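These are the residues of each chain, in order.
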Amino acid sequence: KGNGMIGNIYSMGLALQALQATRKFYAPRKWDCAQAFSVVSSHDYQQPMAIAQVLPALVGRSYLDVAGLDCSATKDVSPSRQLLLSPTLGTHGVPRASILVHYSITNTLQGKHFQYSTTVTVPSGSMLLQVLEVAAEKNPQIFSFETEMTSWGPMVVSIHGLAASTDDRTYWQFLSAGDALDKGGGLEEEGETGLGSPCPSLIHPSAAGVGSYKPHDGEHIQAVFSTY
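Residues numbered from 1 in each chain as written. Predicted model: local features only at pLDDT ≥ 70, side-chain atom pairs only at ≥ 80, totals over all residues. Heavy atoms only, no water.

Between helix α1 (residues 12-21) and helix α4 (residues 48-58), whose axes approach to 7 Å, the crossing angle comes to 30°. One way to sum up the angle between α1 and α4 is to call them roughly parallel. The element α1 and its partner α4 pack so that their crossing is left-handed. Between α1, through Gly13, Leu14, Leu16, Gln17 and Gln20, and α4, the contact on the second element is made entirely by Ala52, Gln53, Val54, Pro56 and Ala57. A class-by-class count of the residues in the contact of α1 with α4 yields 6 nonpolar, 4 polar and no charged. (Axes fitted to C-alpha atoms, helices over the stretch in contact; angles between N-to-C directions. Helix = DSSP H or I, 4+ residues; strand = E, 2+ residues; numbered from the N terminus. Parallel < 35°, antiparallel > 145°, perpendicular 65-115°, else oblique. Left-handed = near helix turned anticlockwise from the far one by under 90°. Contact = heavy atoms within 4.5 Å. Nonpolar A, V, L, I, M, F, W, Y, C, P; charged D, E, K, R; others polar.)

In structure tokens, the structure reads:
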């Protein structure tokens, strides 16, 4: 894209790995790796899968290097060692402030068209998934939804009984005030796929973004049945 981005922010990890692993095949042509790494290092990755794809590239490695690893050096390390998790801010009996999130679902694409809206209250810092859960508890006949667990986290596959379909190339896209969301908490850059959008070749990370996107107070989240 001219700014170091290769595809979108979630395809960067594998793209950087591929470029490093095949660099001898495109020499002496050069690519601006510093610019690409700047894009990656400035993004706040939250999903373990995205982090696992970016980390090898950051140390000049790729998944292809796994075949040559010598695991004997770590055979005596106890697998039972675990890091103690730091307490999360807002725990220990200290209640988090509540926020209001406006949530609507819209289908003008398939079958009987519908549009419903509601406002829910959730603790500050809640993920979008919790907004959907509260809305479904409040009015299950309208805001019921289903998810599937993927390597990128939970993915919304159905809302109000209307399921996404790879055959029809349909999915539930999530937006904020009409602008597509990315799963990291901000608006998508032009040309990127929005939260909820699938990738033809793999489950796009942003399809699982309901488990990592944090709405802010007063935000209007829209779930729109769309095509890709």
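Picking up where we left off.
A cluster of nonpolar side chains, contributed by Leu14, Tyr63, Val66 and Leu69, occupies part of the molecular surface with about 370 Å² of accessible area. With respect to the secondary-structure elements, Leu14 resides in helix α1. Under the relative-accessibility criterion, Leu14 is labelled partly exposed at 36%. (Patch = residues over 30% accessible without salt bridge, like charges linked within 9 Å, V, L, I, M, F, W, Y side chains within 5 Å. Areas by Shrake-Rupley, 256 points an atom, 1.4 Å probe, with all protein chains shown as cover. Salt bridge = Lys/Arg side-chain N within 4 Å of Asp/Glu carboxyl O. Buried < 20%, exposed > 50% of the residue type's maximum accessible area, 1.4 Å probe, protein only.)

The next subject is the side chain of Gln20. Tracing the backbone through its elements, the reader meets Gln20 in helix α1. What makes Gln20 buried here is its relative accessible area of 14%.

This next bit is on the confidence of the model for the protein. Per-residue pLDDT for the protein averages 78, and the proportion of residues at 70 or more is 74%. Least confident of the elements in the protein is helix α2 (residues 23-26), whose mean pLDDT is 71; most confident is strand β2 (residues 114-123), at 97. (pLDDT = per-residue confidence, 0-100.)

Moving on: the packing of aromatic side chains. For the structure on display, the rule yields 5 aromatic pairs. Both rings, one in Tyr171 and one in Tyr228, keep their centres 5.9 Å apart while their planes meet at 65°; by these two values the pair is edge-to-face. Of this pair, Tyr171 sits in strand β6 (residues 170-176) while Tyr228 sits in the segment after β8 (220-227), and the two are 57 residues apart along the sequence. What makes Tyr171 buried here is its relative accessible area of 7%. Aromatic side chains Trp172 and Phe225 sit 5.1 Å apart centroid to centroid with 50° between the ring planes, which places their arrangement in the tilted category. Taken together, the positions of Trp172 in strand β6 and Phe225 in strand β8 put the pair 53 residues apart, joining distant regions of the chain. In this structure an aromatic cluster arises from ring pairing among Phe114, Tyr116, Trp172 and Phe225. (Phe/Tyr/Trp six-rings, centres within 6.5 Å; stacked < 30°, edge-to-face > 60°.)

On the basis of which strands lie adjacent, the open sheet formed by 5 strands has the order β2-β1-β8-β6-β7 and mixed pairing. Strand pairing shows two members of the sheet lacking a second neighbour, β2 and β7 (179-180), which therefore form its edges. Of the strands in this sheet, β1 (98-107), β2, β6 and β8 are in contact with helix α5 (residues 128-138), which crosses β2 at around 110°. (Pairing = 2+ DSSP bridges.)

What follows deals with the environment of Ser165. With respect to the helices, strands and loops of the structure, Ser165 is situated in the loop between β5 (162-163) and β6. One polar contact links the side chain of Ser165 to the main-chain amide nitrogen of Asp167, over a distance of 3.2 Å. For Ser165, the side chain forms a polar contact with the main-chain nitrogen of Asp168, separated by 3.1 Å. (Polar contact = N/O pair within 3.5 Å; in protein donor to acceptor, adjacent residues only side chain to side chain.)

This next bit is on the UniProt feature "binding site: cyanocob(III)alamin" (unreviewed entry) in the protein. Within this numbering scheme, the UniProt entry marks Asn8, Gln53 and Leu181 as carrying the feature "binding site: cyanocob(III)alamin" (unreviewed entry). Among the structural elements, Gln53 can be located in helix α4. Beyond its immediate chain neighbours, meaning those up to four positions away, Gln53 contacts Tyr10, Gly13, Leu14, Gln17, Tyr63 and Trp152. Relative to the helices and strands, Leu181 is located in the loop between β7 and β8. (UniProt positions renumbered as here; feature names shortened; annotations may be inferred.)

As paired strands, β1 and β2 are joined by 10 bridges and run antiparallel to one another. Considered in β2, the bridge of Val101 is made with Val120.

Here the focus is helix α3 (residues 33-41). Within α3, the full set of buried residues consists of Ala36, Val39 and Val40. Each buried residue of α3 sits inside an arc of 100° when the element is viewed along its axis, so together they form one side. Relative to its buried face, α3 has exposed residues pointing more than 90 degrees away, namely Ala34 and Ser41. (Arc of directions from axis to C-beta.)

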